[in-house]
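# Structure assessment
Next come the chains, spelled out residue by residue.
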Amino acid sequence: MTISRLLNKRETEYKRKNQMLYGLGKIDKEEFKYPDLEDIVRKEFPDSTKDLPNFSSSISKFLSELSQEDPKILKKINDSYCFLDPKYKVCIRAMLVKKDNISVVKKDLEQIRQ
């Protein structure tokens, strides 16, 4: 339920927030910084991120929100972040699937159980 509450609530062309959440699920470090997430999102979604000059600040703001606002799933440690609970990363990986080079979709509950 926590991760579902973080997904885009309105229809946008790229659903950038969902892309960033998906990217968080791909992080393979205990502690990470915003450039780590930016690299993943740019690699996974090249068509929608190639011409974004201020993307770094968007990612930094997104990570800050996830560590300060409810539901909090990240903890900030100096200039790095980590998941408050590893279950959040597992949930992101289980719930979100990359549809194409632009979008991420939430799996149905039945798909997750399989």
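Structure shown above.
This write-up is about the structure you can find in this document.

## Some words on the packing of helix H2 (residues 16-26) against helix H5 (residues 55-68)
In contact at an axis separation of 11 Å, H2 and H5 are set at 70 degrees when each is read in the N-to-C sense. As far as their axial angle goes, H5 and H2 are roughly perpendicular. For the pair H2 and H5, the contacting residues are Arg-16, Lys-17, Met-20, Leu-21 and Leu-24 in the first and Phe-55, Ser-58, Ile-59, Phe-62, Leu-63 and Leu-66 in the second. For the contact of H2 with H5, the residue count by class is 8 nonpolar, 1 polar and 2 charged.

## Some details on the nonpolar core
Counting 23 residues, the largest nonpolar core has Leu-24, Phe-32, Leu-37, Phe-62, Leu-63 and Leu-74 as its most contacted members. If you list the elements that add at least two residues to this core, you get H2, helix H3 (34-44), H5, strand S2 (80-83) and helix H6 (86-95). No other element matches H5, which puts 5 residues into this core. Sequence-distant contacts of Phe-62, that is, excluding residues within four places in its chain, are made with Lys-17, Met-20, Leu-21, Leu-24 and Leu-37.

## Topic: the pairing of S2
Side-chain direction in a regular strand flips from residue to residue, so the side chains alternate between the two faces of the sheet. Residues Ser-80 and Cys-82 point to one face of S2 and Tyr-81 and Phe-83 to the other, with burial holding for every one of them. When strand S1 (residues 74-77) meets S2, the two strands line up antiparallel, connected through 4 bridges. The residue bridging Ile-77 from the neighbouring strand is Ser-80, located in S2. A loop of 2 residues connects S1 with S2, the two strands running antiparallel in sequence, and Asn-78 in this loop sits at a positive phi of about 55 degrees.

Criteria and thresholds
- Residues numbered from 1 in each chain as written.
- Predicted model: local features only at pLDDT ≥ 70, side-chain atom pairs only at ≥ 80, totals over all residues.
- Heavy atoms only, no water.
- Axes fitted to C-alpha atoms, helices over the stretch in contact; angles between N-to-C directions.
- Helix = DSSP H or I, 4+ residues; strand = E, 2+ residues; numbered from the N terminus.
- Parallel < 35°, antiparallel > 145°, perpendicular 65-115°, else oblique.
- Contact = heavy atoms within 4.5 Å.
- Nonpolar A, V, L, I, M, F, W, Y, C, P; charged D, E, K, R; others polar.
- Core = buried A, V, L, I, M, F, W, Y, C linked by side-chain atoms within 4.5 Å.
- Buried < 20%, exposed > 50% of the residue type's maximum accessible area, 1.4 Å probe, protein only.
- Pairing = 2+ DSSP bridges.

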